[in-house]
Amino acid sequence: MAQHVMSADQLAGRLSEAALGVFDIASIHVGDQLGFYGFLAAIDSITARELSAAASTNQRYTREWLEQQGATGILICANPEAGPEERRYRLPAEYHDLFVNPESLLAIPPMAQIVMGVLEPLSQLLDVFRNGGGIEFEAFGRNLAEGQARGNRPLFRHQLAQEWIAAMPDIVARFEADPPARVADIGMGYGWSSVHLALGFPKIVVDGFDLDQASVLRAQAFAIDEGVSDRVAFYCRDIGDEDSRDQYDLALAIQCVHDMSDPVSVLASMRRLVGPGGTVLIVDERAPDRYSAPGSDLDRSLYGFSVFHCLPAGMADQPTVATGALIRQSIMREYARQAGFRSVEVLPIEHDSFWFYRMTP
């Protein structure tokens, strides 16, 4: 089939819109990190002087940010004809879920923070393009780790127990039975997956594992805040070093297998952790079965994250399989086969971003 080619004018227009989007995302990140949206949501309207006083920021910079937000259509300016210092801005109530509700599935600031994080080591990315190698996770800084945690938190709050685990009725039954079921959460980041599993199933015990010490410390604090630290523990270590076998009823890894340099070894370790009769659940990118050009918006998103983060992160440790974000079902099934799993089932869960793989030892 012949590929449709946009005209030069069409492509130029699309990329000009993309450039405007970059500025919108960056300005949203600025407003989020400085707390501007929280102040705007708490008051009917506000001037640059009032917002800068509340947020302890420079008034002239604050004014420019407010004007940009009004010009791009996020904020409403009540009196645009007034002088710059008298103009009053408000965040429409229908936008509060987008900008100030951490539990909202529509939240925008976490996405903006992730984008800023993946772009942080840009000079290193140019170097690895020229010379090979990869970029360590720490180089992406706080924004990537925190943005991912904030972005996943509402998914885990609203979907993990209620939809994802619920798609496995036998696991639900085990979680509700005695003795308490044990869960290993691999690559848990800030720990919201572990915490919300424990909140959703009050009997289970969860151990979370991650290689980033800063994330483990944040996860421990979240478990205490949510009142589940008696049943949820976090460890900064590689599960490949674990000697335990047949210790867990379920081992899960959410949105991290594609970043691993040696995913087969990790999957094999997870298989040993649950043993015969246990279950491994892998939640990872909903990459299409085949490459297409031009691709869908999902393709474009996955390749964007892959070029700027997933591939260089996966190539930081050598040797590496260098998966990238486009982990297609055929690739995941092959990794599972090499790891010794007897069967792989893709659970019938409708989701825009993920496939859900149930693996049986």
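Predicted, not measured: the structure shown is a model, and the values here were computed from it.

Bringing the overall build of the protein into the picture now. Helix and strand counts for the protein come out as 14 helices and nine strands. Here the C-alpha atoms of the protein give a radius of gyration of 23 Å, agreeing with the 21 Å that 2.2 N^0.38 yields for 361 residues. In terms of principal-axis extent, the alpha carbons of the protein reach across some 70 × 55 × 35 Å. Counting the 361 residues in the protein, one finds 44% classified as buried. Summarising the internal contacts of the protein: among those between residues at least 6 apart in sequence, 67% fall at separations of at least 24. Roughly 17700 Å² of accessible area belongs to the protein as shown, and the carbon and sulfur atoms make up 54% of that amount. Across the protein, the 29 positively charged side chains and the 48 negatively charged ones have centroids separated by 2 Å.

As a further point, take the pattern of salt bridges. Side-chain pairing between opposite charges can occur once the charged atoms of the two side chains come close. Counting across every chain of the model gives 16 salt bridges. Put simply, R300 and D297 hold a salt bridge, and the shortest N to O gap is 3.5 Å. Of this pair, R300 and D297 both sit in helix α13 (residues 297-314), three residues apart, which is roughly one turn of that helix. Taken together, the shared-partner salt bridges connect R63, E67, E85 and R87 into one network.

The next point concerns the nonpolar core. One finds W164, I165, F175 and L197 to be the most contacted residues of the largest nonpolar core, which totals 39 residues. Of all the secondary-structure elements, those providing two or more residues to this core are α8 (141-164), α9 (169-175), α10 (192-200), α11 (213-225), β5 (232-235), β6 (250-254), β7 (279-285) and β9 (354-360). Residues contacting W164, with those up to four places away along its chain left out, are L155, F156, Q159, I254, V283, I349, H351, F354 and F356. Judged by nonpolar contacts, the second largest core, of 28 residues, contains I239, V264, V266 and Y357.

Residues M6, L11 and L15 make up a contiguous nonpolar surface patch of roughly 240 Å² in combined accessible area. For L15, a relative accessible area of 45% translates into the label partly exposed.

Okay, the sheet that holds β6 next. Note: strands within a sheet are paired through backbone hydrogen bonds, in either parallel or antiparallel orientation. Taken in spatial order, the seven strands make up an open sheet running β5-β4-β3-β6-β7-β9-β8, and their pairing is mixed. Looking at which strands have only one partner, the edges of the open sheet turn out to be β5 and β8 (343-346). Along the sheet, successive strands turn relative to each other by an average axial angle of 20 degrees, direction set aside. Seen against the sheet, helix α14 (residues 329-338) touches β7, β8 and β9 and runs at an angle of roughly 20 degrees to β9.

A separate point is the layout of surface pockets. In this structure, the largest pocket occupies an estimated 1600 Å³ of space. Around the largest pocket, the lining comprises 45 residues; the ones closest to its centre are M111, I114, V115, S301 and F305. Of all the elements in the fold, those that place two or more residues in the lining of the largest pocket are α1 (8-33), α6 (109-118), α8 and α13. Sorting elements by how many residues they give to the lining of the largest pocket places α13 first, with 10 residues. Per-class residue counts for the lining of the largest pocket are 26 nonpolar, 12 polar and seven charged. If you add up the space inside the second largest pocket, you get close to 1100 Å³. Forming the walls of the second largest pocket are 42 residues, and the residues nearest its centre are G187, D210, L211, C256 and D259. The set of elements that each furnish at least two residues to the lining of the second largest pocket consists of α8, β3 (182-186), α10, α12 (263-274) and α13.

Let us now look at the pairing of β7. By the criterion of burial, β7 is predominantly enclosed, with seven of the seven residues buried. Sheet topology note: the β6/β7 ladder contains five bridges and is parallel. Each residue of the ladder has a partner; that of A251, found in β7, is V280. Considered for its hand, the β-α-β crossover made up of β6, α12 and β7 is right-handed. For β7 and β9, the ladder comprises six bridges, and the chain directions are antiparallel. Note that in β9 the partner of V280 across the bridge is M359.

Conventions we followed
Residues numbered from 1 in each chain as written. Predicted model: local features only at pLDDT ≥ 70, side-chain atom pairs only at ≥ 80, totals over all residues. Heavy atoms only, no water. Helix = DSSP H or I, 4+ residues; strand = E, 2+ residues; numbered from the N terminus. Rg over C-alpha atoms; globule rule 2.2 N^0.38 Å. Buried < 20%, exposed > 50% of the residue type's maximum accessible area, 1.4 Å probe, protein only. Contact = heavy atoms within 4.5 Å. Areas by Shrake-Rupley, 256 points an atom, 1.4 Å probe, with all protein chains shown as cover. Lys, Arg positive; Asp, Glu negative; His and termini not counted. Charge placed at Lys NZ, Arg CZ, Asp CG, Glu CD. Salt bridge = Lys/Arg side-chain N within 4 Å of Asp/Glu carboxyl O. Core = buried A, V, L, I, M, F, W, Y, C linked by side-chain atoms within 4.5 Å. Patch = residues over 30% accessible without salt bridge, like charges linked within 9 Å, V, L, I, M, F, W, Y side chains within 5 Å. Pairing = 2+ DSSP bridges. Axes fitted to C-alpha atoms, helices over the stretch in contact; angles between N-to-C directions. 1 Å grid on protein atoms, 1.4 Å probe; cavity = no way out; pocket = protein on both sides within 12 Å on 5 of 7 lines; lining within 4 Å. Points joined across faces, edges and corners; volume = space filled by probe spheres on them. Nonpolar A, V, L, I, M, F, W, Y, C, P; charged D, E, K, R; others polar. Right-handed = clockwise from strand over helix to strand, strands pointing away.

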